[in-house]
Structure formats: structure tokens, C-alpha cells
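# Summary of the model geometry
So you can see what is in the structure, the chains are spelled out below.
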Amino acid sequence: MNEIIRHLLYSDAGSALNNYALLAFRVLLAFELFRVHGMKKFRLQNGQKEHVPNPLHLPDKLNGLVATFADTVVPFLMALGLFTRLAILPTISVTAIGYFFVHRKDSPKVRDVPYMYTLSLLLLLILGPGNYSIDVQFLYHLF
């Protein structure tokens, strides 16, 4: 079990430059995700909260909770590099569902946003957060 946890937490991009690049990529992606999508969850437009599409027909509260978590909490975990690989799974789900279901018939210009977020998050899922993260600096050494 410890070996699985170590594998989930460990991430080294091979060189200091690559690890700094992953750090910058992770932090900038998290910032943009929160700024553009997370902040919408707190704003009212025309007196109403943001409508979150529900193509999987989940209970409305659960659907809203997953979308809010994916756009508000996950970016902070991602920026810190805290449980990165596990934390980004809900956001990958939300962006992939947005691409494959919600925006399926939209123009490529509209579909581009969830596509790029999904690809970026999949890259982080595969590579991990890099050496400069809480996962590697603190948690990896506990296991």
C-alpha cells in the first residue's frame, strides 16, 4: 500500500529546469482555472448563480458541488502540489464532460476551452506536480 501511495506522490521531471517548468505550469494553470471558472461560482449574474450543466443527470446539489469543488478547491491544491494527481481527477471529469457532452455540437472555438483544460490536466496527472510540491517535499518522505 505504501508503494502505491509513494508512486502517486512522487514526481521528478528529471532536471531542476523541468521541475521549475512544471511548477510554473501547475501554478499558472491553477490560477487561471480559479480566476475564470472558480470565481463564477461566487458571482451572481442578473441576480442568479451560474447554471452548471448536468449532462449525466446527477442530483442537482451533487452536480453543483462537484463543479464548485473542481473549480475552487482543486486549483489551490494543484498550485500547492498537494495530493495533485488525486485532486485533479474531479476537474478532469468536469472538463472532459464539458468537451464530450456539453459542447459536443458547438464550434471548435467554443470546444477549445474544455479541450485545452482536459489536455493540460491529463499532462499533470501523468507527470505529477514535479519536485517542487508538497507531495514530494513533505508527503513522499512520510511513506
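Everything below is about the structure printed above this text.
The paragraphs below set out a description of the structure included in this document. Bear in mind that the values here come from a model prediction, so they are computed numbers and not experimental data.

What follows concerns a nonpolar patch on the surface. Among the surface-exposed residues, L56, L58, L62, L65, V66, F100, F101 and V102 lie close enough to one another that they form a single nonpolar patch of about 690 Å² accessible area. Looking at the nonpolar patch, the elements with two or more residues in it are α3 (60-80) and α5 (89-102). Relative to the elements of secondary structure, V66 occurs in helix α3. Owing to a relative accessible area of 31%, V66 belongs among the partly exposed residues under this scheme.

With that settled, consider the side chain of N19. Along the chain, N19 turns up in helix α2 (residues 16-38). Judged by its relative accessible area of 2%, N19 is buried. From its side chain, N19 meets the backbone oxygen of S15 in a polar contact 2.9 Å long. Leave out the neighbours within four places in its chain, and N19 touches S11, D12, A13, G14, G130, N131 and Y132.

This brings us to the packing of aromatic side chains. All chains considered together, the criterion is met by four aromatic pairs. Aromatic pair Y99 and Y115: ring centres 5.3 Å apart, planes at 40°, arrangement tilted. Of the two residues, Y99 sits in helix α5 while Y115 sits in helix α6 (residues 108-127), which places them 16 residues apart along the sequence. Owing to a relative accessible area of 17%, Y99 belongs among the buried residues under this scheme. Among the residues examined, Y115 registers a relative accessible area of 37% and is labelled partly exposed. Ring-pair connections join several aromatic residues into one group, and the members of that group are Y99, F100 and Y115. Between R111 and the ring centre of Y99, over which it is positioned, the NZ or CZ distance is 4.2 Å.

Conventions we followed
Residues numbered from 1 in each chain as written. Predicted model: local features only at pLDDT ≥ 70, side-chain atom pairs only at ≥ 80, totals over all residues. Heavy atoms only, no water. Patch = residues over 30% accessible without salt bridge, like charges linked within 9 Å, V, L, I, M, F, W, Y side chains within 5 Å. Areas by Shrake-Rupley, 256 points an atom, 1.4 Å probe, with all protein chains shown as cover. Salt bridge = Lys/Arg side-chain N within 4 Å of Asp/Glu carboxyl O. Helix = DSSP H or I, 4+ residues; strand = E, 2+ residues; numbered from the N terminus. Buried < 20%, exposed > 50% of the residue type's maximum accessible area, 1.4 Å probe, protein only. Polar contact = N/O pair within 3.5 Å; in protein donor to acceptor, adjacent residues only side chain to side chain. Contact = heavy atoms within 4.5 Å. Phe/Tyr/Trp six-rings, centres within 6.5 Å; stacked < 30°, edge-to-face > 60°. Lys NZ or Arg CZ within 6 Å of the ring centre and 35° of its normal.

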